[in-house]
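# Fold and geometry: a report
One letter stands for each residue in the lines below.
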Amino acid sequence: MNTPSLGISLEPRSRVEQGLSARVLRFLHLDGWLLAGIGGVLLISMLALYSAEGQRLDELFDQVARMLVAFGAMLVMAQITPSWLRRGSALIYALGLVLLTLVLVTGDIGKGAQRWLDLGIRFQPSEIMKLGVPMTMCWLLHERPLPPSFGILLLVALVIFLPVGMIAIQPDLGTAILIVLSGAVVIFLAGLGWRYIIGIAALAGAAMPALWLVMHDYQRKRVLTLLDPQSDPLGAGYHIIQSKIAIGSGGVFGKGWLNGTQGQLEFLPERHTDFIFAVIGEEFGLLGALALLLLYLLIVGRGLYIAAAAPDTFSRLLAGSLSITFFFYVFVNTAMVMGMIPVVGVPLPLVSAGGTSMVTLMAGFGILMSIQTHRKLVAR
Amino acid sequence: MARTLRIKDHWREQHLFASRLLVSIVIVLGLTGIVVGRLVQLQVGQYEYFSAQSSGNRIRVQPVPPIRGLILDRNGKVLAENTPSYQLEMTREQVPDMADTLRRLVTSGIVQEGDLPELKELIASRRSFDTVVVAERLTDEELAAFAVQRPHFPGLEIRARLGRSYPYGTAAAHVLGYVGGISADDKKILDPTEYAGTTHVGKISVERSFEGDLHGTSGHEDVVVNVHGRKMQVLDRVRSLPGRDIILTIDINAQLAADTALQGRRGAAVAIDPRNGEVLAFVSTPAFDPNAISAGLSRRAYLALQEDIDRPMFNRALRGQYPPGSTIKPMVALAALHYGVVTPERRVGCRGAYSLPGSSHRYRDWKPEGHGAVDLYTALEQSCDVYFYTVARDLGIERMGSFLTTFGLGDLTGLDIGGEQKGLVPSPAWKKKAFRRPADQVWFPGETVIAGIGQGYLLVTPLQLAHATATVAARGQRFQPTLLKGSRDPATGTIEYEAPKPLPPVPEQEAAHWDAIVEGMHGVMQGARGTARAVGLNAPFQMAGKSGTAQVFSVGQNEKYNAKDVEERRRDHALFVAFAPLEAPRIAVAVVIENGESGSKAAAPIARAVMEAYLQGATPTPGTVVPAS
């Protein structure tokens, strides 16, 4: 083994201890810890969605079907070896760029923004880029010495901002920011010098006023609303006010499953999508919310463990960036629902209703599992 | 791809990655800490606050208005009640095909074609689960027609709403008043929680004065609503308590007799039980229709009522102020007896006119040839003016005025419904205050003279006149006039009766003096030459009365009064006061007819009709009583 530096034994448990289930997991290239965390989160998702969607089983079954599709995507990704993934990165990225161009030319308009593409099934090409951008970056950084040189930095910056620009003008600010974030995570993990980091942070701070100028009115309103929700209690501030009421009134133990008045009586808007965390906070209380956060931490922690144990630069960077980006999704959504950051339209990963983002996320977990389960083959 | 200049140092890169991973873990845990901290802040720190907010969101308190109490007459006849009126209501979300439903409503005649656009707009403006009134006050035919077709109209419902109704219509309008929508002014004095669900409130008269009893106690329902306001669940229900039933002293027979007799006239009639002050009849004509007003008048209809030259909204019995004319004479006579100015036997010569010493001004008697030598009985029986000119001058205005006020004249009687006028008993002190020019402030002897026959500044309301007459009938015993006999608990049926409220009596103890004026008043109606003997003829009981005619404008010194030349509205007011039965009076009546010309001809029959209706319990039939003037 050439990765002892973390002081953790990366050797799987002795084969003698492995039972049947462990052998099935190995055969399918799945990771038990990740599966356990994901399963727990999906279980909470089903409970919360059934409550939030007015206890309609058909809506729940739709979501379960999407979960199965996403599980399929994970299964497929888990079978592809990291080296093949690395080689396919540029292809995925290119496909994403083409589809994004198509969206800008012909895309459907949903909720005032042009994000959807209808190719038999409706999906958002920006989702592909959530994987495509970090994969391509990791591929570019794979063979180069780290920390990356300035020239490489310029190259990866182009990789990030070409699709991000296209997504931002749809406009889908939330996804654009998340992709920038995932790219930033890759560069950070690649060992970007602290001087650069501080410089970029300062630059980003200085760019804020400029960003303000190019923002759409509704985006500006969201920022202003965050600062003072009561300024427009029935308009833009309504979401934040109602979701804070829902979470706060849940208390430590919650109002009980299906008993959340804010959700059941429809005071809480977007309760099955972006604001599902408020339903969980209301019905399951602080304990339920903490349980969910623990499951998330389990997933993220396992992902970081996989990254630490990964044998090559591409796998390491990708596993680390996918895990940390996943955590950022969780953070951005929960912080948004609790009124700490502006409403940016980021769903709670694995829990909010909706298919596209879940397929992407699960495909990402498939990659993590592939990295973990193909490790020894590479290592030997 | 360009070759890198540097060589990859795997060990160093792994070390770098590991350190970055550690930083990442710190960041992840830090951000998680922030999220958990916020959760604790919201769910533990601010739990009470958000819990209250959440309840406020979902729980609405809906008031349940009480049922208004009834108003009954002294014999239990219903004067004001709550009757259901039927209306057709639609709930949009339950109507499968709105266009088709509306079209069929038009073809079945329930909705007018012309009202359709407005109705559509109304339906669209409401929430889908709100009920919209499609048609109001359905007739029995419409009700039956719809009932048959009801299965074909899902989402439409007949609903009964309680409205105030007054079975006797205009006949008791001025005494009962009416109810109307709660106005901004009403809101200032009403308890907002008690009236949260109430739509109507008493506006005038009994409906207003006894509002506190009639209204009842509001109940409420605590309901859970969703974000659209739809009622999801009832948490708590507190029933409303119906208002108390008000039992009036009014006798509806007497009331109807007075109202029927006054039809087509502008006037008032008030009847009072002399034994306790109970108001038996209280009529002012013309009157308004309280049913129409309570149901809601159009602006045009309301303006028409306000601008009517006959002033149907004006409560003449309560607020009309008239010179009492000769109806004051029994009281003036009593004052004269009280102060020893005359004796019943003393005669005064009447030659058709009276002049003050040293003045050529002639105060005329209504009978130009004069009454000859008249004693007190004849003076009252024939209403000799010269007798009372003489007596008044001998009494003087101070003594006469102060004695009249002991009958309650010139002051509020204190009837339970507000808005009374005081009338006026003049005095030199009053005149000094009332007039600005010094020349006008002087009290002239002639003003005393005409006050003796109830002219000049003297003003009374029909209510005051009835009260004074009741006081004469009770020989000085006075009771505050009241409309409230008692109130009934609607649940138990127990009645609480009101006790009569005695007032300071008239300070005249001498029975012979009272006998003298009562005799004279008896003579008016049933004496050989009484001014109202035509009315007193063949009465089943003995009665006493006094006619009065009040000048609306003064006739010139040498002109002859000619009614035909005078425009109708400038004719004299006709007045009459009476009480019966003579030996033990149970009813005293005052009647005023504006421009009725002759008290004995126009007003006296009405007084008799009221007394007869009350004493005999006779139900009057329209058109039998009043001879047109």
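Note that the coordinates shown come from a computational prediction; the quantities given were computed from them, not determined experimentally.

The rules behind the values
Residues numbered from 1 in each chain as written. Chains lettered and ligands numbered in written order. Predicted model: local features only at pLDDT ≥ 70, side-chain atom pairs only at ≥ 80, totals over all residues. Helix = DSSP H or I, 4+ residues; strand = E, 2+ residues; numbered from the N terminus. Contact = placed C-beta atoms within 7 Å. Buried ≥ 20, exposed ≤ 12 C-beta atoms within 10 Å, placed from the backbone. Pairing = 2+ DSSP bridges. Axes fitted to C-alpha atoms, helices over the stretch in contact; angles between N-to-C directions. Core = buried A, V, L, I, M, F, W, Y, C linked by C-beta atoms within 7 Å. Domains from an automatic or database assignment. pLDDT = per-residue confidence, 0-100. Parallel < 35°, antiparallel > 145°, perpendicular 65-115°, else oblique. Left-handed = near helix turned anticlockwise from the far one by under 90°. Nonpolar A, V, L, I, M, F, W, Y, C, P; charged D, E, K, R; others polar. Expected span 1.5 Å × (residues − 1).

## A word on the overall build of chain B
Scanning chain B for helices and strands turns up 23 helices and 23 strands. Long-range contacts, defined as pairs at least 24 residues apart, comprise 74% of the intrachain contacts of chain B with a sequence gap of at least 6.

## Structural notes on the overall build of chain A
Looking only at helices and strands, chain A has 15 helices and three strands in total. Taking all 380 residues of chain A together, the buried fraction comes to 50%. Residue pairs in contact within chain A that sit at least 24 positions apart in sequence constitute 72% of those at least 6 positions apart.

## Focus: the interface of chain B and chain A
At the junction of the two partners, chain B supplies 38 residues and chain A supplies 44 residues. When contributions to the side of chain B that touches chain A are tallied by element, the ones reaching two or more residues are α1 (10-45) and α2 (47-58) of chain B. A total of 21 residues in the side of chain B that touches chain A trace back to one element, the largest contributor, which is α1 of chain B.

## Points about the sheet that holds strand β8 (residues 219-225) of chain B
All names here are of chain B. Read from one edge to the other, the open sheet built from three strands follows the order β1-β8-β9, with strand pairing classed as antiparallel. Either end of the sheet is taken by a strand with one partner, and the two such strands are β1 (59-64) and β9 (231-238). The average undirected angle you get between the axes of adjacent strands in this sheet is 30 degrees. Pairing of β1 with β8 involves six bridges; the strand directions are antiparallel. Bridge pairing links Ile59 to Val224 in β8.

## Quick word on the sheet that holds strand β12 (residues 279-285) of chain B
Residue and element names in this part refer to chain B. With antiparallel pairing, the five strands of this open sheet are ordered in space as β12-β11-β23-β22-β21. Single-partner strands in this sheet number two, and they are β12 and β21 (544-550). With direction set aside, neighbouring strand axes in the sheet form an average angle of 5 degrees. Along the sheet, helix α20 (residues 462-473) makes contact with β11 (267-272), β22 (573-580) and β23 (587-593), crossing β23 at roughly 150 degrees.

## Points about the nonpolar core
Membership of the largest hydrophobic core comes to 135 residues, with the highest contact counts inside it found for Ala269, Val270, Ala271, Val589 and Val610 of chain B. When residues of this core are sorted by domain, at least three fall in each of domain 1 (63-248) and domain 2 (252-302 + 317-616) of chain B. Once you skip the residues sitting within four places of it in the chain, Ala271 of chain B turns out to touch Ala254, Leu280, Ala281, Ala466, Ile587, Ala588, Val589, Val610 and Tyr614 of chain B. By size, the runner-up hydrophobic cluster in this structure holds 112 residues, among which are Leu42, Ala48, Ile240 and Ile245 of chain A.

## Topic: the confidence of the model for chain B
Residue and element names in this part refer to chain B. Considering every residue of chain B, the mean pLDDT works out to 87; 95% of them sit at 70 or more. Confidence drops under pLDDT 50 across residues 555-559; counting only partners more than four residues distant or on other chains, this segment forms one contact. Confidence drops under a pLDDT of 50 for residues 618-629, and excluding neighbours within four residues, the segment shows 24 contacts in the predicted structure. Under the prediction, the complex receives an ipTM of 0.89, its pTM being 0.67.

## Considering the packing of helix α5 (residues 126-142) of chain A against helix α7 (residues 173-189) of chain A
All names here are of chain A. Interaxial distance between α5 and α7 falls to 9 Å at its minimum, and their mutual angle equals 15 degrees. What the angle tells us is that α5 and α7 run roughly parallel. The handedness of the crossing between α5 and α7 comes out as right-handed. Each of Ser126, Met129, Lys130, Val133, Pro134, Met137 and Cys138 in α5 lies in contact with α7, whose residues at this interface are Thr175, Leu178, Ile179, Ser182, Gly183 and Val186.

## Some words on unusual backbone geometry
Residue and element names in this part refer to chain B. Here Thr285 and Pro286 are connected by a cis peptide whose omega angle stands at -10 degrees. You can see Pro286 is positioned in the loop between β12 and α11 (290-295). Residue Ala580 is joined to Pro581 through a cis peptide bond whose omega torsion reads -15 degrees. Residue position: Pro581 is located in the loop between β22 and β23. For Arg311, which is not glycine, the phi torsion reads 50 degrees and is therefore positive. Relative to the assigned elements, Arg311 resides in the loop between α12 (299-307) and α13 (316-319). C-beta crowding within 10 Å serves as the criterion here: with 15 such atoms nearby, Arg311 is assigned to the partly exposed category. We note that Asn538 has phi near 55 degrees; this positive angle belongs to a residue other than glycine. Note that Asn538 resides in the loop between α22 (533-536) and β21.

## Structural notes on the environment of Ser85 of chain B
Position of Ser85 of chain B relative to the elements: it lies in strand β3 (residues 78-91). Residues Ser85 of chain B and Leu138 of chain B, spaced 53 residues apart in sequence, show a C-alpha to C-alpha distance of 7.3 Å.

## Structural notes on the environment of Gln321 of chain B
All names here are of chain B. Looking at the element boundaries, Gln321 is found in the loop between α13 and α14 (329-338). Each C-alpha atom of the pair Gln321 and Thr461 lies 4.7 Å from the other, and the pair is 140 residues apart in sequence. Not counting residues up to four positions away in its chain, the partners in contact with Gln321 are Gln421, Gly423, Leu459, Val460 and Thr461.

## Quick notes on the packing of α5 of chain A against helix α13 (residues 313-337) of chain A
All names here are of chain A. At a closest axis distance of 8 Å, the pairing of α5 and α13 adopts a crossing angle of 150 degrees. Classified by the angle between their axes, α5 and α13 sit roughly antiparallel to one another. Helix-helix and strand crossings are classified by hand; for α5 and α13 the assignment is right-handed. Together, Pro134, Met135, Cys138, Trp139, Leu141 and His142 of α5 and Thr313, Phe314, Leu317, Leu318, Ser321 and Leu322 of α13 make up the contact between the two elements. Classifying every residue of the contact of α5 with α13 by side-chain character gives nine nonpolar, three polar and no charged.

## Concerning the pairing of β22 of chain B
Residue and element names in this part refer to chain B. Burial within β22 is extensive, with eight of its eight residues counted as buried. Because side chains alternate across β22, one face comprises the buried residues His573, Leu575, Val577 and Phe579, and the other comprises Ala574, Phe576, Ala578 and Ala580, equally buried. Across seven bridges, β21 lies against β22 in antiparallel orientation. Bridging across to β22, Gly548 finds its partner in Leu575. Two elements, β22 and β23, share seven bridges in a ladder whose sense is antiparallel. When the sheet's bridge partners are listed, Ala578 is paired in β23 with Val589. In this antiparallel pair of consecutive strands, β22 and β23, the connection spans six residues.

## Considering α20 of chain B
All names here are of chain B. Given a rise of 1.5 Å per residue, twelve residues ought to cover 16 Å, and the 16 Å separating the end C-alpha atoms of α20 matches this to within 8%. Judged by how many residues are buried, α20 sits mostly within the fold: twelve of twelve residues are covered. Within the sequence span of α20, burial applies to Pro462, Leu463, Gln464, Leu465, Ala466, His467, Ala468, Thr469, Ala470, Thr471, Val472 and Ala473. A positive backbone phi angle near 55 degrees is found at Arg475, which sits one or two residues after α20.

## Comments concerning the confidence of the model for chain A
Residues and elements named next belong to chain A. Here chain A shows a mean pLDDT of 85. Residues at 70 or above account for 87%. Summarising per-element confidence for chain A, the mean pLDDT is lowest in helix α15 (residues 375-379) (54) and highest in helix α12 (residues 276-309) (96). A low-confidence stretch, residues 1-10 (pLDDT under 50), is modelled with twelve contacts involving residues beyond four sequence positions or located in other chains.

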